[in-house]
Amino acid sequence: MKKLVRKNIQKLIPYSSARNEFIGKDNILLDANELAFNEPLNRYPDPLQTELKEIVSQKKQIPVSNILLGNGSDECIDLLVRAFCEPNVENIITVSPSYGIYDVIAQINGIELRKVNLLADFQLDSESILKTIDSNTKLIILCNPNNPTANSFSETEIIQLLKKFGGLVLIDEAYIDFSQNKSFLKYLAQYENLIITQTLSKSYGLAAIRLGILYGNKFIINTLNKVKYPYNVNALTINEAVRQLTEKNNKPWVDEIIRERTKLQQALIDLPFVEQIFDSNTNFLLVKFKNAKAVQELLLQNRIVVRDRSQHELTKECLRITVGTADQNKLLIETLKKLAYEKSNIL
Ligand SMILES: *Cc1c(COP(=O)(O)O)cnc(C)c1O
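This text gives an overview of the structure that appears in the document. In this text the structure is predicted, and so the values were computed from the model without any measurement.

Some thoughts on the pairing of strand E5 (residues 168-172)
In terms of burial, E5 is a largely internal element, five of the five residues being buried. The alternating pattern of E5 places Leu 168, Leu 170 and Asp 172 on one face and Val 169 and Ile 171 on the opposite face, and all of these are buried. Of the strand pairs in this sheet, strand E4 (residues 137-143) and E5 are connected by five bridges, and their pairing is parallel. Across the sheet, Leu 142 pairs through a bridge with Ile 171, a residue of E5. Between the parallel elements E4 and E5, the chain passes through helix H7 (residues 155-164) in a crossover that is right-handed. Two elements, E5 and strand E6 (residues 194-199), share four bridges in a ladder whose sense is parallel. By the bridge assignment, Asp 172 is partnered in E6 with Thr 197.

The following block contains the structure:
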């Protein structure tokens, strides 16, 4: 594992923050140049977010020592790349189409991102992925279930990659709670090159607080702890996450979104200009139209915003539609029906 870390990071002596060093409660804290007034927000937060990690640990049945928290899972992924991938030398492999942030993170860190197209059925082209690996490939990123194709990849194929590839494999599970398939967390102890990210931004309805979770082996977590900014998760986020994860019924809205997803799917099938609706393991639907651009623009004129994914050859004429509330979905369908009637000439 040690060999996988960037050379400068192997040598890094991490910053030791004041809040890292103090032990015990009820001390008189004169060590961090905080203001003595305006309790409790005058104090720096716990750099290791131990209380929150213990709650996550309980829920997920993963030891605290295998957990890193970040300012969204985007920060977790960026940290992983920064700590493990050598700029201007090493490369990352991901699939295409997938989540756009991987591209941005790779570019910012000076790392080549090699994109391997999915097969026509949106499954992994494992053969091409294996062929694309070279001695400078450090990381494979798989978004599972995948954004924007909405499907899950074959578990056995991912396991094969974990076994055959000597570098790290990151599985981005942002949508796992909407999926029929189980999380790869069950394999965490078995494969030391497996890393998983999850987020409170989707199924927990907490995108605003920015909290991402990365699971990996202890060595990886320790390395990332050295690289991250000391107070990367702020106290407001920690407190709100603790409150919501302890007080609220666990993800109370997931079942409703899945029910609404099915309803939306059934209603969309009946529209004359809908070509295909892809199966979804997420909280969105990828829908193929005869003329996606026109549908998007007409929806926008009706104040309904959806995402155009038609740039990619595998998702031509496709829009990505997030599942909303029952009322929002009803309005979407009514609007589409109205358009089917009024604009049949262009749609
Ligand atoms: C929405 C999303 C995330 C969430 O990122 P955060 O930074 O945690 O909000 C991560 N990965 C994918 C693929 C997503 O679609």
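Now, onward.
Topic: the pattern of salt bridges
Scanning the model with the defined rule gives 14 salt bridges in all. Between Glu 247 and Arg 243 there is a salt bridge, with its nearest N and O atoms 3.3 Å apart. Of this pair, Glu 247 and Arg 243 both sit in helix H9 (residues 235-247), four residues apart, which is roughly one turn of the helix. On the accessibility criterion, Glu 247 (59% relative accessible area) is exposed. A residue is classified by how much of its surface remains accessible, and Arg 243, at 38% relative accessible area, is partly exposed. Between Lys 263 and Glu 260 there is a salt bridge, and its shortest N-O distance comes to 2.8 Å. Within this pair, Lys 263 and its partner Glu 260 are both found in helix H10 (residues 254-269), separated by three residues, close to a single helical turn.

Quick notes on the sheet that holds strand E10 (residues 307-308)
Ordered by their spatial adjacency, four strands build an open sheet running E8-E9-E11-E10, and the pairing between neighbours is antiparallel. Every interior strand has two partners, whereas the edge strands, strand E8 (274-277) and E10, have only one. Relative to strand E11 (residues 318-322), strand E9 (residues 284-289) runs antiparallel, the two sharing five bridges. Across the sheet, the residue bridging to Leu 286 is Arg 320, located in E11. Against the sheet, H10 engages E8 and E9, with an angle of about 10 degrees to E9.

Things to note about helix H8 (residues 218-227)
Looking at H8, one finds that the buried residues are Ile 220, Ile 221, Thr 223, Leu 224 and Val 227. Down the axis of H8, the buried side of the element spans an arc of 165 degrees, and every buried residue falls inside it. Looking at the packing, one finds that the buried side of H8 touches helix H1 (7-10), strand E1 (67-70), helix H4 (72-84), E5, E6 and strand E7 (212-215). With a side-chain oxygen lying 2.9 Å from the backbone nitrogen of Phe 219, the N-terminal cap of H8 falls on Asn 217.

What to know about the site of the ligand
Among the 13 residues in the neighbourhood of the ligand, the closest are listed as Tyr 175, Thr 199, Ser 201, Lys 202 and Arg 210. In the model, an oxygen atom of the ligand is placed 3.2 Å from a nitrogen or oxygen of the Asp 74 main chain. Residue Arg 210 places a side-chain N or O atom 2.6 Å away from an oxygen atom belonging to the ligand. Within the complex, the protein chains bury 94% of what would otherwise be the 390 Å² of accessible surface of the ligand. Along the lines of polarity and charge, the residues of the shell around the ligand split into four nonpolar, five polar and four charged.

Examining the pairing of E9
Across the six residues of E9, five count as buried, placing the element largely inside the fold. Two elements, E8 and E9, share three bridges in a ladder whose sense is antiparallel. Looking at E9, one finds that Val 274 is bridged to Phe 289. Where E8 folds back on E9, the antiparallel hairpin that results is connected by six residues.

What to know about the side chain of Gln 296
Looking at the element boundaries, Gln 296 is found in helix H11 (residues 292-301). Among the polar contacts made by the side chain of Gln 296, one reaches the main-chain carbonyl oxygen of Val 306 at a distance of 3.1 Å. The residues touching Gln 296, leaving out its near neighbours within four places in the chain, are Val 306, Arg 307, Asp 308 and Leu 319.

What about the environment of Glu 51?
You can see Glu 51 is positioned in helix H3 (residues 50-60). Distance from Glu 51 to Ser 65, taken between C-alpha atoms, is 13 Å for residues 14 residues apart in sequence. Those residues in contact with Glu 51 that sit more than four places away from it in its chain are Asp 46 and Val 242.

Some points on the environment of Lys 338
Tracing the sequence through the fold places Lys 338 in helix H12 (residues 326-342). Owing to a relative accessible area of 36%, Lys 338 belongs among the partly exposed residues under this scheme. Sequence separation between Lys 338 and Trp 253 is 85 residues, and the spatial gap between their C-alpha atoms is 29 Å. Here Asn 302 takes part through its side chain, which lies 3.0 Å from a polar atom of the side chain of Lys 338.

Procedures and definitions
- Residues numbered from 1 in each chain as written.
- Predicted model: local features only at pLDDT ≥ 70, side-chain atom pairs only at ≥ 80, totals over all residues.
- Heavy atoms only, no water.
- Buried < 20%, exposed > 50% of the residue type's maximum accessible area, 1.4 Å probe, protein only.
- Helix = DSSP H or I, 4+ residues; strand = E, 2+ residues; numbered from the N terminus.
- Pairing = 2+ DSSP bridges.
- Right-handed = clockwise from strand over helix to strand, strands pointing away.
- Salt bridge = Lys/Arg side-chain N within 4 Å of Asp/Glu carboxyl O.
- Contact = heavy atoms within 4.5 Å.
- Axes fitted to C-alpha atoms, helices over the stretch in contact; angles between N-to-C directions.
- Arc of directions from axis to C-beta.
- Polar contact = N/O pair within 3.5 Å; in protein donor to acceptor, adjacent residues only side chain to side chain.
- Near = heavy atom within 4 Å.
- Areas by Shrake-Rupley, 256 points an atom, 1.4 Å probe, with all protein chains shown as cover.
- Nonpolar A, V, L, I, M, F, W, Y, C, P; charged D, E, K, R; others polar.

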